[in-house]
Amino acid sequence: MNTSLFEDLADREALPQDLGPGITVLKGFALRDGAALVTALFAVAERSPFRHMVTPGGYRMSVAMTNCGPFGWVSDNKGYRYDSFDPDTKTRWPAMPEVFTRLAAEAAKRSGFSDFVPDACLVNRYQAGARLTLHQDKNERDFTAPIVSVSLGLPADFQFGGLACTDRTTRLRVVHGDVLVWGGPARLRYHGVLPLKPALHALTGEYRFNLTFRKSAST
Ligand code: MD6
Ligand code: FE
């Protein structure tokens, strides 16, 4: 019996919130694959290590990032973009693990997006205090494809805004194994992650990881 499974279930909120059209919350959808996903992401980070990227405005991001798949999201003083090469290792990003691709496609299908084939997976690592300020995901060429977001390890509070940065926000607690599918009318909604609270998770220790699967290119 897996004790971390019960800890994760105990942490869950009883009622799913309606976050508006285009956002599907799949509570616990990745729990069964949780350990395999964590193992695979550690293998990705062996080849392309986590790093704190710098925003175009010159700020060091508190979230550490890496990528896998044909394209990776990068930020530096020149801007945000997708690149097939890791600027740190000067090699291509590691291949997307099979367990990643399969889970992303299954979650998208369950949410009404059949045939989702991601070409980029951004891997975020949060430690205590790390946060992601409100932003839109708009560096992709194809907004008809959804984004599939998988939470692993420590819980976090996700913030959803509207289509304008001044719209009011609502909060959603995301825990190990939760998957959000985000598309259609919600695709360009502002969102962020509140500062991570210090704790320990059985599989990931002091960290929360998030996988976001995207289709970055138009073909
Ligand atoms: C995170 N996620 O959960 C950051 N973006 O660590 C995102 O920024 C995100 O989860 C678009 C769609 C889903 C996401
Ligand atoms: Fe985002």
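Throughout what follows, the structure given in this document is the object of discussion. Everything numeric here is computed off the predicted structure, so don't read it as measured data.

Between its first and last C-alpha, helix H2 (residues 34–47) extends 21 Å over 14 residues, near the 20 Å set by a 1.5 Å rise per residue. Along H2, the positions that sit buried rather than exposed are Gly34, Leu37, Val38, Ala40, Leu41, Val44 and Ala45. Seen along its axis, H2 keeps its buried residues to an arc of 165°; they face one direction. Exposed and facing more than 90 degrees away from the buried side of H2 are Thr39, Glu46 and Arg47. Looking at the packing, one finds that the buried side of H2 touches strand S2 (64–68), helix H3 (98–110), strand S5 (120–126), strand S7 (147–153) and strand S12 (208–214).

Moving on: H3. Here H3 is 13 residues long and its end C-alpha atoms lie 18 Å apart, about the 18 Å a rise of 1.5 Å per residue gives. Residues of H3 that are buried include every one of Val99, Phe100, Leu103, Ala104, Ala107 and Ala108, and no others. The buried residues of H3 all sit within an arc of 155° when viewed along its axis, so they share a single face. Facing away from the buried side of H3 by over 90 degrees, the exposed positions are Glu98 and Lys109. In the segment just after H3, Gly112 is the residue with positive phi, at about 95°.

Thresholds, definitions, all that
What you see as residue numbers is a count from 1 along each chain, following the sequence as written. Written order determines the labels here, with chains lettered from A and ligands numbered from 1. Confidence filtering applies because this is a predicted model: local features only for residues at pLDDT of at least 70, side-chain atom pairs given and counted only at 80 or more, and all residues used for totals across whole chains, interfaces and linings. As a rule here, side-chain values cover all heavy atoms of the structure and leave hydrogens and water aside. In DSSP terms, a helix is any run of H or I states spanning at least four residues, a strand is any run of E spanning at least two, and both are numbered starting from the N terminus. Take the residue count of a helix, subtract one, and multiply by 1.5 Å to get its expected span. Burial classification: accessible surface area is computed with a 1.4 Å probe over protein chains only, and a residue below 20% of its type maximum counts as buried, one above 50% as exposed, and the rest as partly exposed. Throughout, the arc means the angular range of directions from the helix axis out to the C-beta atoms. Throughout, a residue-residue contact means that at least one pair of heavy atoms, one from each residue, lies within 4.5 Å.

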